[in-house]
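Tertiary structure, described
Single-letter residue listing:
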Amino acid sequence: MRITGISTHVVGTPWRNLTYVQVHTDEGITGVGETRMLGRTDALLGYLREAEANHLAGSDPFAVEDLVRRMKYGDYGRAGEIVMSGIACVEMACWDIKGKALGVPVWQLFGGKVTDRVKAYANGWYTVERTPEAFHKAASTVVERGYRALKLDPFGTGHFELDHAETLHSLSLVEAVRDAIGPETELLVEMHGRFSPATAVRIAGELERFHPSWLEEPVPPENLKALAKVAEKTRLPIATGERIHDRIEFRELFESQAADIIQPDVGHIGGIGETRKLAATAETHYVLIAPHNVGGSVLTAASLQVAGCTPNFKILEHFNDFADAEIKKVVKGAPQVVDGYFQLSHEPGLGVDLDTDAAAEFPQQQAHFDLWAEGWEKRDPKGGRQ
């Protein structure tokens, strides 16, 4: 079997573009992969056009390891977010092809399953007015839909510091959410790398009474010593890693022991195999994995393949029941959350297929998402622009 070429399809919304890549073969089996780029979709498409000619056409889709190696190192320059995301789309599509050809789900190719279901947490649900009443109502809706975990960033446009009044307001939002979801539902707090270590530590102390399961990206991701400073001074678990695009770059994070949960994005870190290797390394450091998952249903399906065969897998993020829920129709067999969990698919490959006709209903947009603009949580670029 040989790769004959690829085709790309961009599904657009005002705040995000999702890039789907189909890898075609001479035996008629097609695999699909996906990633979500912020502000770099055209750059990704350009890279994929070059990679198709330089690395993909004529390659064996079963030789995934060799293909990833050539795409990562065969152009000599150091691979960053765009290259690793392109690799991820192609890599997961090749696993999809391999699973379909062999008649088994991808998780079976990585040693078999360790679980039948994967806990989900909701994100993208708080596209409402930034008031305790609105957040309480929205969080109640999440629980009513069966979710047993949710995440929020309550900190507005906070950057490095958060003054006393804004701190009180942010805490009032968390308090309202905890009241809405009750004591048993997991509450995950996102900081989006907003704060200085001192501010993050201060806010972490205030958050302890709400019993969050983790504190995510309390400081910007570039300085691991700053993250370690926060980890040393809070009892809350620290989660981070969505903006690291090469598993090798996690080495220093593990050595610092600054994170309790890592959050690689399967669509940015090179795909399913790279994520599974990283998860195995994390396991040797007694660290859990909870992939960042802000894409659509193909990326969710790929992340679930990792979950199915990974002993230290904690939970999976899910946007598509709340933000842009209509885009789920572009994927046949899209994973669904039932009673707070995904059921592990036993279908061959990723267990999903791209509906290109449905995808064409959502053309690429000039998507823009600024986490430092007022009203960003509504995911309305026009309303969030300053």
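Keep in mind that what you see is a predicted model, and the values were worked out from it rather than measured. Numbers given for residues are sequential positions, taken from 1 along each chain in its written order. Two thresholds apply to this predicted model, a pLDDT of at least 70 for residue-level local features and 80 or more for giving and counting side-chain atom pairs, whereas whole-chain, interface and lining totals are computed over all residues. To obtain the side-chain values, all non-hydrogen atoms of the structure were used and water was disregarded.

1. A look at the overall build of the protein chain
- To qualify as a helix, a DSSP run of H or I must reach at least 4 residues; to qualify as a strand, a run of E must reach at least 2; elements of each kind are numbered from the N terminus. What the protein chain contains, in helices and strands, is 12 helices and 15 strands.
- Computed over C-alpha atoms, the radius of gyration of the protein chain comes to 20 Å, within 12% of the 21 Å expected from 2.2 N^0.38 for 386 residues, which places it in the range of a compact globule.
- Taken over the C-alpha atoms alone, the protein chain extends approximately 60 × 45 × 40 Å along its principal axes.
- Exposure is judged per residue with a 1.4 Å probe applied to protein chains only, and the accessible area is read against the type maximum: over 50% gives exposed, under 20% gives buried, and values in between give partly exposed. Taken across its 386 residues, the protein chain has 60% of its residues classed as buried.
- Contacts in the protein chain between residues at least 24 apart in sequence constitute 72% of all its contacts with a sequence separation of at least 6.
- Accessibility throughout is a Shrake-Rupley quantity obtained with a 1.4 Å probe, and a residue counts as covered only by protein chains that appear here. Accessible surface, the protein chain as shown: approximately 15,600 Å² in total, 48% of it carbon and sulfur. The globule rule used for comparison is 2.2 Å times the number of residues to the exponent 0.38, while the radius of gyration itself is calculated over C-alpha atoms. When checking whether two residues touch, look at their non-hydrogen atoms; a contact exists if any pair is within 4.5 Å.

2. Comments concerning the side chain of arginine 130
- Take arginine 130: it is sitting in the loop between β4 (117–122) and α4 (132–144).
- Arginine 130 sits in the buried class, given a relative accessible area of 18%.
- In protein, a polar contact means a hydrogen-donor-capable atom and an acceptor-capable atom, both N or O and within 3.5 Å, with residues adjacent in sequence counting only if both atoms are side-chain atoms; elsewhere, any N or O pair within 3.5 Å suffices. Here glutamate 166 takes part through its side chain, which lies 2.3 Å from a polar atom of the side chain of arginine 130.
- Residues in contact with arginine 130, not counting those within four places in the same chain, are Phe135, Pro154, Phe155, Gly156, Glu166, His169, Ser170, Leu173 and Glu377.

3. Here's the deal with the packing of aromatic side chains
- Within 6.5 Å between ring centres, the rings of Phe, Tyr and Trp (the latter by its six-membered ring) count as paired, and their orientation is classed by plane angle as stacked under 30 degrees, edge-to-face over 60, tilted in between. What the rule picks out here adds up to 12 aromatic pairs.
- Ring geometry for phenylalanine 369 against tryptophan 376: centres 6.2 Å apart, planes inclined by 70°, an arrangement best described as edge-to-face. The same class applies to phenylalanine 369 and to tryptophan 376, which are both buried.
- Aromatic rings pair up to connect Trp15, Trp125, Tyr126, Phe135, Phe319, Phe369 and Trp376 into one cluster.
- Only Lys NZ and Arg CZ are tested; either one counts as a charge over a ring when it is within 6 Å of the ring centre and within 35 degrees of the ring normal. Of note, arginine 117 hangs over the ring of tyrosine 341, and the distance from its end group to the ring centre comes to 3.8 Å.
- Just above the ring of phenylalanine 322 sits the side chain of arginine 145; from NZ or CZ to the centre is 5.0 Å.

4. Points about the environment of glycine 124
- Take glycine 124: it is sitting in the loop between β4 and α4.
- Looking at glycine 124, the relative accessible area reads 0%, which means it is buried.
- It is 15 Å that separates the C-alpha atoms of glycine 124 and serine 297, two residues lying 173 residues apart in sequence.
- Among residues more than four places away in sequence, those in contact with glycine 124 are Phe319, Phe322, Ala323 and Arg379.

5. Details of unusual backbone geometry
- Even without being glycine, histidine 192 reaches a positive phi, approximately 55°.
- Even without being a glycine, arginine 379 presents a positive backbone phi close to 55°.
- Within the secondary structure layout, arginine 379 lies in the loop between α11 (356–359) and α12 (381–384).

6. Here we look at the domain arrangement of the protein chain
- Domain segmentation is taken from an automatic or database assignment of domains. Per the domain assignment, the segments making up the protein chain are domain 1 (3–104) and domain 2 (108–369).
- Here the C-alpha centroids of domain 1 and domain 2 sit 24 Å apart.
- Every contact between the two is made by 42 residues of domain 1 and, on the other side, 50 residues of domain 2.
- Buried area is a sum: the accessible area each of two parts loses on coming together, probed at 1.4 Å, counted once for each and added. Each partner contributes to the roughly 3,700 Å² buried at the junction of domain 1 and domain 2, and carbon and sulfur atoms together form 59% of this total.
- Interface area lost by domain 1 to domain 2 is led by Trp15, Arg16 and Trp95, which between them contribute 17%.
- Definition used for salt bridges: Asp or Glu carboxyl oxygen within 4 Å of a side-chain nitrogen of Lys or Arg. Taken together, the connections running from domain 1 to domain 2 amount to five salt bridges.
- The tally of links from domain 1 across to domain 2 stands at 27 residue pairs in polar contact (both at pLDDT 80 or more).
- Mapped by element, the contributors of at least two residues to the side of domain 1 that touches domain 2 are β1 (3–12), β2 (17–25), β3 (30–37), α1 (41–56), α2 (64–73) and α3 (81–102).
- Looking at the side of domain 1 that touches domain 2 element by element, the count peaks at 13 residues for α3.
- Lys, Arg, Asp and Glu make up the charged group, whereas Ala, Val, Leu, Ile, Met, Phe, Trp, Tyr, Cys and Pro make up the nonpolar group; the residues left over, Gly among them, are polar. Split into classes, the residues belonging to the side of domain 1 that touches domain 2 amount to 19 nonpolar, 11 polar and 12 charged.

7. Concerning the sheet that holds β1
- Read across the open sheet, the three strands follow the order β1-β2-β3; overall the sheet is antiparallel. Every interior strand has two partners, whereas the edge strands, β1 and β3, have only one. Each neighbouring strand pair of the sheet contributes to a mean axis angle of 20°, computed without reference to strand direction.
- Whenever a helix is involved, its axis is fitted only over the stretch in contact; in every case the axis is a line through C-alpha atoms, and angles between N-to-C directions fall within 0 to 180 degrees. The sheet contacts of helix α10 (residues 297–308) involve β2 and β3, and relative to β3 the element is tilted by about 105°. DSSP calls a pair of strands paired once it identifies at least 2 bridges connecting them.

8. Some points on the UniProt feature "domain: Mandelate racemase/muconate lactonizing enzyme C-terminal" (unreviewed entry) in the protein chain
- UniProt positions are given in the numbering used here, feature names are shortened, and annotations may be inferred rather than shown by experiment. UniProt tags residues 132–237 as "domain: Mandelate racemase/muconate lactonizing enzyme C-terminal" (unreviewed entry).
- Across residues 132–237, helical content stands at 48% and strand content at 11%; the span's end C-alpha atoms are separated by 25 Å.

9. A closer look at the environment of serine 170
- By secondary structure assignment, the location of serine 170 is in helix α5 (residues 164–181).
- Separated by 13 residues in sequence, serine 170 and threonine 157 have C-alpha atoms that sit 11 Å apart.
- In this view, serine 170 contacts Arg130, Pro154, Phe155 and Leu162; residues no more than four positions away in its chain are not counted.
- Of note is the side chain of serine 170, whose polar atom sits 3.1 Å from the backbone oxygen of proline 154.

10. Quick look at the nonpolar core
- Only buried residues count toward a nonpolar core. Its members are Ala, Val, Leu, Ile, Met, Phe, Trp, Tyr and Cys residues joined through side-chain atoms within 4.5 Å. Judged by nonpolar contacts, the single largest core of 115 residues is most densely connected at Trp125 and Leu207.
- For this core, the element with the highest residue contribution is α3, accounting for 11 residues.
- For this core, the two domains that each supply at least three residues are domain 1 (3–104) and domain 2 (108–369).
- Not counting chain neighbours up to four residues away, the residues in contact with tryptophan 125 comprise Phe135, Ala138, Ala139, Val142, Leu150, Lys151, Leu152, Val177 and Phe322.

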